[in-house]
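Chain and residue survey
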Amino acid sequence: SPLGGLGFNKDRRWNEAHNKLERMKLFSNQANKNNFEHMQIRETSANKETSKRDRALEFAMRIKKPKLKHSPEKIAFEFE
């Protein structure tokens, strides 16, 4: 080792832990691939009718907001 130490000791326990980790990674990759292949493709929302909630939100977004008679800065200044 460049710092003068003895270096890393790869013993039997380290090899077992390393092999276990590699098997876990391989299993997770295979499971992920398998799940991705069998995943059902959801229908697009264009084919479905909009819900009442969505229609209400769209309606609410189109309503014009009333204008304030006094600006918020003036109101805050009057109370101080």
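Source: prediction; values computed, not measured.

With that settled, consider the overall build of the protein chain. The secondary structure content of the protein chain amounts to three helices and zero strands. Each helix (α) and strand (β) of the protein chain, taken in turn from the N terminus, gives the series α-α-α. Within the protein chain, buried positions represent 0% of all 80 residues. Of the roughly 9200 Å² of accessible surface on the protein chain, 57% is carried by carbon and sulfur atoms.

Once that is clear, we can look at the pattern of salt bridges. Applying the stated criterion across every chain yields a total of two salt bridges. Of the charged contacts, one joins Glu16 and Arg12 as a salt bridge, the two residues approaching to 3.0 Å between their closest N and O atoms. In this pair, Glu16 and Arg12 both sit in helix H1 (residues 12-37), four residues apart, roughly one turn of the helix. Using a relative accessible area of 58% as the deciding quantity, one classes Arg12 as exposed.

The next point concerns the confidence of the model for the protein chain. Any segment with low pLDDT has predicted coordinates that should not be analysed in fine detail. Looking at the protein chain, pLDDT values average 79 and 69% of them are 70 or higher. Taking the mean pLDDT of every element in the protein chain, the minimum, 60, falls on helix H3 (residues 72-79) and the maximum, 93, on H1.

The rules behind each value
- Residues numbered from 1 in each chain as written.
- Predicted model: local features only at pLDDT ≥ 70, side-chain atom pairs only at ≥ 80, totals over all residues.
- Heavy atoms only, no water.
- Helix = DSSP H or I, 4+ residues; strand = E, 2+ residues; numbered from the N terminus.
- Buried < 20%, exposed > 50% of the residue type's maximum accessible area, 1.4 Å probe, protein only.
- Areas by Shrake-Rupley, 256 points an atom, 1.4 Å probe, with all protein chains shown as cover.
- Salt bridge = Lys/Arg side-chain N within 4 Å of Asp/Glu carboxyl O.
- pLDDT = per-residue confidence, 0-100.

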